[in-house]
Amino acid sequence: MAEQQDAQTRQTLIEYPCDFPIKVMGARVDGFAQAVIEVVLRHAPDFAPASAEMRPSSKGNYLAVTCTFRALSQVQVDAMYRELTAHPMVKVVL
């Protein structure tokens, strides 16, 4: 409970609302991009899945998915980061 209050009162240099890009990397397997988009949509329902940018690694083993969504608060962004980093298919979130 105290963590949630700290997150709500924490100072940030970002002014909300704003367009916020989040890059998620994982193994290039079936369903990875869809899993990332589903998490983003849970936290940002107005995100347009067609706007997601995908880029494979140089050897093709990994996939980076960049989703730019309209962030309304630091709490929203933090919750999305937590869910994405906890996902078993996700290796890195930037």
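Conventions adopted
Along each chain, residues carry numbers from 1 onward, in the same order as the chain's sequence is written. Only residues with pLDDT of at least 70 are given local features in this predicted model, and only at 80 or more are side-chain atom pairs given and counted; all residues enter the totals for whole chains, interfaces and linings. Side-chain measures here rest on the full set of heavy atoms in the structure, leaving out hydrogens and waters. Helix numbers and strand numbers start at the N terminus; a helix is a DSSP run of H or I with at least 4 residues, a strand a run of E with at least 2. Partly exposed residues are those whose accessible area sits between 20% and 50% of the maximum for their type, while under 20% is buried and over 50% is exposed, using a 1.4 Å probe and protein chains only. Here a residue-residue contact requires only that any non-hydrogen atoms of the pair lie within 4.5 Å. For every accessible area listed, the method is Shrake-Rupley and the probe measures 1.4 Å; residues are considered covered only by the protein chains on display. Between any two strands, at least two bridges found by DSSP are needed for them to pair. A fitted line through C-alpha atoms serves as each axis, taken over the contacting stretch for helices, and the angle formed by two N-to-C directions is quoted from 0 to 180°.

**Details of the overall build of the protein**
Right, on to step 1. Secondary structure assignment for the protein yields three helices and four strands.
Right, on to step 2. Its helices and strands in sequence order give the protein the pattern α-β-α-β-β-α-β, from N to C terminus.
Right, on to step 3. For the protein, with 94 residues in total, the buried portion stands at 33%.
Right, on to step 4. A separation of at least 24 residues holds for 71% of the contacts in the protein among residues at least 6 apart in sequence.
Right, on to step 5. Taken as a whole, the protein presents about 6200 Å² of accessible surface, with 53% of it coming from carbon and sulfur.

**Quick look at the sheet that holds strand β3 (residues 62-71)**
One key point about sheets: their strands pair by backbone hydrogen bonds, in either a parallel or an antiparallel sense.
Right, on to step 1. Within the open sheet, the four strands sit side by side as β2-β3-β1-β4. Their pairing is antiparallel. The open sheet has two free edges, formed respectively by β2 (53-56) and β4 (90-93), since each of these has just one partner strand. Averaged over neighbouring strand pairs, the angle between their axes works out to 25° when direction is ignored.
Right, on to step 2. Bridging between strand β1 (residues 18-27) and β4 involves three bridges; their strand directions are antiparallel. Residue pairing in the sheet places Val 24 in a bridge with Val 93 of β4.

**Let's talk about the pairing of β2**
For a regular strand, side-chain orientation follows a simple rule: the groups alternate between the two sheet faces.
Right, on to step 1. Here β2 pairs with β3 via four bridges, running antiparallel. Note on β3: the bridge partner recorded for Glu 53 is Thr 66.

**Some remarks on unusual backbone geometry**
Right, on to step 1. The omega angle of the peptide bond from Tyr 16 to Pro 17 is -5°, so this bond is cis rather than trans.
Right, on to step 2. Along the chain, Pro 17 turns up in the loop between α1 (2-9) and β1.

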